[in-house]
Amino acid sequence: MYRYYKKGELDVMEYSFGSLIEFIEYLDHTPTNSSIWGYRDLESETGNFDFCQTRSLKEAKEFCKYGYHENFDKLVELKTSLEKYIKLSRKRSQQYNFYVGYAPDVKAYLEGNPLSMLNKQNPKRRHIDIYYNSAILGYVSTGQIYNRGAITLCLAEILENMGFTVGLNLFTMSEKNGQIHYAKFHVKHPGERLNIQKLYFPLCNPSFLRRLVFRLREQTPDIKASWTKGYGSTSDDYTIRRIIDLKDNDIVICQPSEMNVQGHDIVDDANAMFHYIDRFTSDEIELAHVKRLQR
């Protein structure tokens, strides 16, 4: 769950949680690092509503565990509107004749062919992990946050329809004075359906970072005192790719500005994100340009 190690010149404090519930349970049962933080210094508890978008640490935990509903329809509407422009074609199983199968081939049986049963060969499904950066910079607009979230949800479905199994991991990564604080949260395992309601809070509410992950930093044993002044700077895409052990074609969803997501037109932002992703993946999963419907 937690390990401390060196990556080149950087010291990495890494957490990995199998679910959001596991994350909340860890927060509930782990003391703060009182040698670094005094009670009055705890930003996770003292941050104001405008900055955190929740009234307390307790409220943020409840939203993460039980669901967050305010403006949820906005995310669903954006995802639905984008899906109208995307043609999804599922890879079909190849049918062939064999001794056993799911249905008889009457013609083959009457001709005396011993391979008189129809069978299917499912295409081998390769795996891709999506890493979604939940650390939201202060100047990022609500439109950028929602568009990036809706496009990521569509992306997971696109990849599954292309024949891949898809895992979705939320993460945050920040750095300060040679230390990296990296936390990863598994929120969709291969074969599991997307639960948009469960993902809404960490995808779209800054309180996931500014209360819950800040509390995690306040509990981290190896963290240095310099983190009490600002909680670190959000890592850029270059640093993220140095730290995360990415496999071929794994996808990183980084800050909206790095992917040219403007937060206005969902189609323009989808094309910008897909173009950015294509730079780091093979031709095998090249994402098609999203075309507008003809009026």
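Before any of the text, the structure's been laid out above.
One structure accompanies this document, and this report is about it. From a predicted model like this one, the values you see are computed outputs, not experimental measurements.

Rules of the game
- Residues numbered from 1 in each chain as written.
- Predicted model: local features only at pLDDT ≥ 70, side-chain atom pairs only at ≥ 80, totals over all residues.
- Heavy atoms only, no water.
- Helix = DSSP H or I, 4+ residues; strand = E, 2+ residues; numbered from the N terminus.
- Expected span 1.5 Å × (residues − 1).
- Buried < 20%, exposed > 50% of the residue type's maximum accessible area, 1.4 Å probe, protein only.
- Contact = heavy atoms within 4.5 Å.
- Polar contact = N/O pair within 3.5 Å; in protein donor to acceptor, adjacent residues only side chain to side chain.
- Phe/Tyr/Trp six-rings, centres within 6.5 Å; stacked < 30°, edge-to-face > 60°.

1. Section: helix α11 (residues 266–278)
Because an α-helix completes one turn every 3.6 residues, residues spaced three or four positions apart along the sequence face the same direction.
Step number 1: Here α11 spans 18 Å end to end across 13 residues, near enough to the 18 Å set by a 1.5 Å rise per residue.
Step number 2: Burial within α11 is extensive, with ten of its 13 residues counted as buried.
Step number 3: All of the buried residues in α11 are Ile266, Val267, Asp269, Ala270, Asn271, Ala272, Met273, Phe274, Tyr276 and Ile277.
Step number 4: Next to the buried residues of α11 lie α5 (72–83), α7 (142–161), α10 (237–243) and β10 (251–253).
Step number 5: If you check the start of α11, you find a side-chain oxygen 2.9 Å away from the backbone N of Val267, and it comes from Asp265.

2. As for helix α8 (residues 196–204)
Step number 1: Within α8, seven of the nine residues are buried, which leaves the element mostly enclosed by the surrounding structure.
Step number 2: Among all positions of α8, only Ile196, Leu199, Tyr200, Phe201, Pro202, Leu203 and Cys204 are buried.
Step number 3: Its side-chain oxygen 3.3 Å from the backbone nitrogen of Gln197, Asn195 forms the N-cap of α8.

3. Examining the packing of aromatic side chains
Step number 1: In total, this model carries 20 aromatic pairs according to the counting rule given.
Step number 2: With centroids separated by 4.7 Å and ring planes inclined at 45°, the aromatic side chains of Tyr2 and Tyr15 adopt a geometry described as tilted. A residue pair is termed long-range when its members are at least 10 positions apart, and Tyr2 in strand β1 (residues 2–7) and Tyr15 in strand β2 (residues 10–17) qualify at 13 residues.
Step number 3: When its relative accessible area of 0% is taken as the criterion, Tyr15 is described as buried.

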